[in-house]
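Report on the structure
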Amino acid sequence: MKFMMRLFNPLMRKQVRRGKARSVAGVILLHFTGRKTGKRYEIPVMKQSENGRLCVYTEAGWKANMRGGADVEVTDMGVRTPMRAELMDDPDTMAGEMGDLIKRIGLKEARQRLGIVVHVDRPPTREELAEAIRRRNLGIIFLTPL
């Protein structure tokens, strides 16, 4: 998977910067500076909408840079916008949010959008969701325009 991302990410960065709609539908670039290293990051991620709020689901370690809030920039369809990023990574709180989302959009769509494997043919319980979130080390980054 890491090998594929090394090939995929540079192409996606270029396409999102150019605003190529067909090739980057749903992909945004998240620009931020690492808190400890000071390194600049430009990460392609799939955008989601959670109760009308722009957000990103990720299990990547870089999400820790958003803990407690961080000023970031987001490039969407070639337009770069300053935003405030807030990390939600409490599994129990996230399980409630995801449970609500599953009720709204259905289990099939949620499986694709959330990236959590659900081994039951019914909406998972809050406890099952919390366990899946813990296992994947998943977080939600909420993005609000400044």
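Residues numbered from 1 in each chain as written. Predicted model: local features only at pLDDT ≥ 70, side-chain atom pairs only at ≥ 80, totals over all residues. Heavy atoms only, no water.

1. As for the overall build of the protein chain
- Assigned secondary structure in the protein chain consists of five helices and seven strands.
- Its helices and strands in sequence order give the protein chain the pattern α-α-β-β-β-β-β-β-α-α-α-β, from N to C terminus.
- Counting only residues that meet the buried cut, the protein chain has 40% of its 146 residues in that class.
- In the protein chain, the share of contacts with a sequence separation of at least 24, taken over all contacts with a separation of at least 6, comes to 57%.
- Of the accessible surface of the protein chain, which amounts to about 8,700 Å², a share of 53% is contributed by carbon and sulfur atoms. (Helix = DSSP H or I, 4+ residues; strand = E, 2+ residues; numbered from the N terminus. Buried < 20%, exposed > 50% of the residue type's maximum accessible area, 1.4 Å probe, protein only. Contact = heavy atoms within 4.5 Å. Areas by Shrake-Rupley, 256 points an atom, 1.4 Å probe, with all protein chains shown as cover.)

2. Notes on the pattern of salt bridges
- Evaluated as defined, the whole model comprises nine salt bridges.
- R67 is paired through a salt bridge with D89; the nearest N and O atoms lie 2.3 Å apart. Here D89 lies in the loop between β6 (79-88) and α3 (91-105) and R67 lies in the loop between β4 (53-58) and β5 (70-76), a separation of 22 residues in the sequence.
- Using a relative accessible area of 28% as the deciding quantity, one classes D89 as partly exposed.
- Each of D71, R84 and E86 takes part in salt bridges that share partners, so that together they form one network. (Salt bridge = Lys/Arg side-chain N within 4 Å of Asp/Glu carboxyl O.)

3. Things to note about the side chain of Q48
- Looking at the element boundaries, Q48 is found in strand β3 (residues 48-50).
- The residues touching Q48, leaving out its near neighbours within four places in the chain, are R53, L54, C55, Y57 and R113.

4. Some points on α3
- Between its terminal C-alpha atoms α3 stretches 20 Å, which fits the 21 Å expected from 15 residues at 1.5 Å a residue.
- Every buried residue of α3 is accounted for by P91, M94, A95, G96, M98, G99, L101 and I102.
- In the core, the buried residues of α3 are packed alongside β3, β4, β6, α4 (107-114), α5 (126-136) and β7 (139-145).
- Just downstream of α3 lies G106, where phi reads positive at about 95°. (Expected span 1.5 Å × (residues − 1).)

5. Comments concerning the nonpolar core
- Counting 17 residues, the largest nonpolar core has Y57, M94, M98, L114 and I140 as its most contacted members.
- The leading source of residues in this core is α3, at five residues.
- Sequence-distant contacts of M94, that is, excluding residues within four places in its chain, are made with M88, D89, I133, L138, G139 and I140. (Core = buried A, V, L, I, M, F, W, Y, C linked by side-chain atoms within 4.5 Å.)

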